[in-house]
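Secondary and tertiary structure notes
Residue strings, one per chain:
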Amino acid sequence: MRAVLFDFSGTLFRLEEQDDWFDGITVDEQAVQGHVQAELMRRVTAPTGSTVPMNTQQQHNWANRDLEPHLHREAYLHVLRESGLTGEDAAALYPKLVDPASWTPYPDTTAVLNGLRGNGIKTAVVSNIAFDLRPALAAAGTGADEYVLSFEVGVVKPDPAIFSTALQRLGVDAEETLMVGDSEEADGGAREVGCAFALVDPLPTAARPDGLRTALRSHGITL
């Protein structure tokens, strides 16, 4: 392998809420705690599918949320309101979801990205996302050679075009490239252009200390 492509959410980083995010916020007039908090986070981090009822316009916003920041905001405010938050509470919570500082790196993220680049293996982050994630990697002391972000390139996974763009930017062939991600549907689309694919589990960061290293080893890359 000469290159590795990585998904962002659930692969390199995970959105792990802080309890104080929900201070003063209620769902159906009840304080947000435990399983309710976990369910809210599941709904706003699911990589594919919709998690609440939507009309035609809302479905359009959801389908295109990772192409336009304003559609992303509208889509997630709808999900939060449909989940029982007031409009005011949804608007207060949303900025935390798209703040790069809110995202937690997996324990092996920095070592893996830096190790690959140190060994001459090119890297790219290929993400369906509507905000610039580069600051999150920089804060973790790492980075990638290329960033192919849906809102910047105008295409979302699993469309083969997003993977082809990454390959072109890195100057590598698909046959010598591995895609690592947490969604068989979205990230597994890399197979359509000829890349290998490794699936990781989007567990809480503390519960997945070496998922990236394991994924790489399964395709002959040892750091």
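Above this text sits the structure in question.
Residues numbered from 1 in each chain as written. Predicted model: local features only at pLDDT ≥ 70, side-chain atom pairs only at ≥ 80, totals over all residues. Heavy atoms only, no water.

**Notes on the overall build of the chain**
As a reminder, the rule being used: Strands here mean DSSP runs of E at least two residues long; helices mean DSSP runs of H or I at least four residues long; both are numbered from the N terminus. The reference for a compact globule is 2.2 Å times residues^0.38; the radius of gyration itself is calculated from the C-alpha atoms. Exposed residues in this analysis have more than 50% of their type's maximum accessible area, buried residues have under 20%, and partly exposed residues fall in between, with area computed by a 1.4 Å probe over protein chains only. Here, residues are in contact when the closest pair of their heavy atoms is within 4.5 Å. Note that accessible areas follow from Shrake-Rupley with a 1.4 Å probe, and for residues the cover is restricted to the protein chains shown. Lys and Arg are tallied as positive, Asp and Glu as negative. Neither His nor the chain termini are counted. Throughout, a charge is located at the NZ atom of Lys, the CZ atom of Arg, the CG atom of Asp or the CD atom of Glu.
Of the regular secondary structure elements, the chain holds nine helices and nine strands. Rg of the C-alpha trace for the chain: 18 Å, near the compact-globule value of 17 Å for 223 residues, within the 12% margin. Across its three principal directions, the C-alpha atoms of the chain cover 55 × 35 × 25 Å. Across the 223 residues in the chain, those meeting the buried criterion constitute 48%. Considering only intrachain contacts with a sequence separation of at least 6, the fraction spanning at least 24 residues in the chain is 62%. Working note: accessible area of the chain is about 9900 Å², and carbon and sulfur atoms make up 47% of it. Taking the average location of the 17 positive side-chain charges in the chain and that of its 32 negative ones, the two points are 5 Å from each other.

**Observations regarding the sheet that holds strand β8 (residues 177–181)**
Our working definition: We treat two strands as partners when DSSP finds at least two bridges between them. To define axes, lines are fitted to C-alpha atoms, for helices over the stretch in contact only, and angles between the resulting N-to-C directions are given on a 0 to 180 degree scale.
Spatial ordering of the open sheet is given by β7-β6-β1-β8-β9, a layout of five strands whose pairing is parallel. Each end of this open sheet is capped by a strand with a single partner; those strands are β7 (146–149) and β9 (196–199). Neighbour-to-neighbour, the strand axes of this sheet turn through a mean angle of 20°, independent of strand direction. Sheet topology places β8 next to β9; four bridges connect them, and they run parallel. Its bridge partner being in β9, L178 is matched across the sheet by A196.

**As for helix α8 (residues 160–170)**
So the rule is basically this: Think of the arc as the fan of directions from the helix axis to the C-beta atoms. Pairs of N or O atoms are called polar contacts if they sit within 3.5 Å, as long as, within protein, a hydrogen donor faces a hydrogen acceptor (for residues adjacent in sequence, only side-chain-to-side-chain pairs).
For α8, the full list of buried residues reads I162, F163, A166, L167 and L170. Angular distribution of buried residues about the axis of α8 spans 140°; they occupy a single face of the element. Buried-residue contacts for α8 involve β1 (3–6), β6 (122–127), β7, α7 (150–153) and β8. The N-cap residue of α8 is D159: its side-chain oxygen and the backbone nitrogen of A161 are 2.8 Å apart. Immediately downstream of α8, the backbone of G171 shows phi near 70°, a positive value.

**Thoughts on unusual backbone geometry**
For residues that are not glycine, phi is negative in most cases, and the peptide bond is trans in most cases. Cis geometry is found at the peptide bond from K157 to P158, where omega equals 15°. Summarising the element assignment, P158 is placed in the loop between α7 and α8.

**Some details on the nonpolar core**
Definition in use: Throughout, nonpolar core names a set of buried Ala, Val, Leu, Ile, Met, Phe, Trp, Tyr and Cys residues whose side chains join them through atoms within 4.5 Å. An automatic or database domain assignment supplies the start and end points of every domain.
One finds V4, F6, F8 and V180 to be the most contacted residues of the largest nonpolar core, which totals 50 residues. When residues in this core are grouped by element, the largest group, five residues, is from helix α3 (residues 69–82). There are two domains that each give this core at least three residues, and those are domain 1 (3–14 + 103–219) and domain 2 (15–102). Counting 17 residues, the second-largest nonpolar core is a separate cluster that includes A124, V126, L167 and A190.

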